[in-house]
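# Topology and contacts: notes
So you can see what is in the structure, the chains are spelled out below.
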Amino acid sequence: MPDMQADHAAFLLQFYLPILKLEHATTRKVIEAIPLDEGDYRPDPVAKSALELAWHIVAAEQRFLNGIAAGKFNFDPITRPESVRNSADIAAWFAESFGKSFDRVAQLSPTQLSTEVDFRGMFQFPAVAFIAFTIRHSVHHRGQLSVYLRPMGAKVPAIYGESYDSAEARKAAQG
């Protein structure tokens, strides 16, 4: 990838931050929709459980944002604390950790944002480019998790516009 100019990186940061914040809120809604007693649900024996997938999303997002802020990625496991036992706990942890990490990324200088960062030796991008990578990763796995919801007996929240379930709730509320 050609060298990124610092002013271009600053522009991209301002472009990506609102998208990141919006996608975070949507991902939290999907995690919060997991029934508290259905976290062990998995659609196939080799699939992650709903809670494992939710934790993967939030831990990976934390890893990416902290790596962007630090200028290098730490691949040590981010183990789910014992106090985080259900979807509500994961959503709360996600909200708290996201706020701190988001602020760290938002404060980066244009030079820091344009500095190349290595990802497991597989590819190297300017730090700011990993914000888009973070968004895509979360959206991908959020899509997987949203497919788990109905078989668990849950309602699918609005993601990009109304879902069937959110439309039905709106109609019921209107009388």
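Preceding this section is the structure that the text describes.
Please read these numbers as outputs of a predicted model, since none were measured by experiment. (Residues numbered from 1 in each chain as written. Predicted model: local features only at pLDDT ≥ 70, side-chain atom pairs only at ≥ 80, totals over all residues. Heavy atoms only, no water.)

Under the defined criterion, the tally for this structure stands at 21 aromatic pairs. Measuring from ring centre to ring centre gives 6.5 Å for phenylalanine 11 and phenylalanine 15, while their planes differ by 15 degrees; the resulting arrangement is stacked. On the criterion of helical spacing, the pair formed by phenylalanine 11 and phenylalanine 15 is a turn pair, its members being 4 residues apart in helix H1 (residues 6-32). Judged by its relative accessible area of 45%, phenylalanine 15 is partly exposed. Between phenylalanine 75 and phenylalanine 119, the ring centres sit 5.5 Å apart and the planes meet at 80 degrees, which makes this aromatic pair edge-to-face. In this pair, phenylalanine 75 sits in the loop between helix H2 (50-70) and helix H3 (87-106) while phenylalanine 119 sits in strand S1 (residues 116-119), placing the two residues 44 residues apart along the sequence. Among the aromatic side chains, those forming a connected cluster through ring pairs are Phe64, Phe73, Phe75, Phe119, Phe123, Phe125, Phe130 and Phe133. Above the face of the phenylalanine 75 ring, arginine 120 is positioned so that its terminal group lies 3.9 Å from the ring centre. (Phe/Tyr/Trp six-rings, centres within 6.5 Å; stacked < 30°, edge-to-face > 60°. Helix = DSSP H or I, 4+ residues; strand = E, 2+ residues; numbered from the N terminus. Buried < 20%, exposed > 50% of the residue type's maximum accessible area, 1.4 Å probe, protein only. Lys NZ or Arg CZ within 6 Å of the ring centre and 35° of its normal.)

A few words now on the packing of H1 against helix H5 (residues 129-149). One can describe the packing of H1 onto H5 by two numbers: an axis separation of 10 Å at closest approach and a directional angle of 20 degrees. Classified by the angle their axes make, H1 and H5 are roughly parallel. Considering only the axes of H1 and H5, their crossing is left-handed. Of the residues in H5, those touching H1 at Leu13, Tyr16, Ile19, Leu20, Glu23, Thr26, Thr27, Val30 and Ile31 are Ile131, Ala132, Thr134, Ile135, Val139, Arg142, Leu145, Ser146 and Leu149. For the contact of H1 with H5, a count of residues per class yields 12 nonpolar, 4 polar and 2 charged. (Axes fitted to C-alpha atoms, helices over the stretch in contact; angles between N-to-C directions. Parallel < 35°, antiparallel > 145°, perpendicular 65-115°, else oblique. Left-handed = near helix turned anticlockwise from the far one by under 90°. Contact = heavy atoms within 4.5 Å. Nonpolar A, V, L, I, M, F, W, Y, C, P; charged D, E, K, R; others polar.)

With respect to the helices and strands, the residue proline 81 is situated in the loop between H2 and H3. Proline 81 gets classed as partly exposed once you look at its relative accessible area, which sits at 30%. For the pair proline 81 and tryptophan 93, spaced 12 residues apart in the sequence, the C-alpha separation amounts to 9.5 Å. Setting aside residues up to four positions removed in sequence, proline 81 forms contacts with Trp55 and Trp93.

Once that is clear, we can look at a nonpolar patch on the surface. On the surface, Phe11, Phe15 and Ile19 cluster together into a nonpolar patch covering about 300 Å² of accessible area. For phenylalanine 11, a relative accessible area of 56% translates into the label exposed. (Patch = residues over 30% accessible without salt bridge, like charges linked within 9 Å, V, L, I, M, F, W, Y side chains within 5 Å. Areas by Shrake-Rupley, 256 points an atom, 1.4 Å probe, with all protein chains shown as cover. Salt bridge = Lys/Arg side-chain N within 4 Å of Asp/Glu carboxyl O.)

What follows covers the nonpolar core. Residues Leu13, Leu20, Ile68, Val105, Val128 and Ile131 are the most contacted members of the largest nonpolar core, which totals 25 residues. Among the elements of the structure, H1, H2, H3, S1 and H5 are those that each provide at least two residues to this core. For this core, the leading source of residues is H1, giving 6 residues. Those residues in contact with isoleucine 68 that sit more than four places away from it in its chain are Phe73, Val105, Leu108, Ala127, Phe130, Ile131 and Thr134. In terms of nonpolar packing, the next biggest core, distinct from the first, is built from 23 residues, Ile34, Leu53, Leu145 and Tyr148 among them. (Core = buried A, V, L, I, M, F, W, Y, C linked by side-chain atoms within 4.5 Å.)

A few words now on the side chain of asparagine 86. With respect to the element layout, asparagine 86 can be found in the loop between H2 and H3. Reaching out from asparagine 86, the side chain makes a polar contact with the backbone nitrogen of aspartate 89 at a distance of 2.9 Å. Discounting residues that sit within four places of it in the chain, asparagine 86 has contacts with Leu36 and Leu51. (Polar contact = N/O pair within 3.5 Å; in protein donor to acceptor, adjacent residues only side chain to side chain.)

Side chains that differ in charge, positive against negative, can pair when their charged atoms come close. Applying the stated criterion across every chain yields a total of 7 salt bridges. The salt bridge involving arginine 28 is made with glutamate 32; its shortest N-O contact spans 3.7 Å. Here arginine 28 pairs with glutamate 32, and both are found in helix H1, just 4 residues apart, close to one helical turn. We note a salt bridge from arginine 170 to glutamate 162, for which the minimum N-O separation is 2.4 Å.

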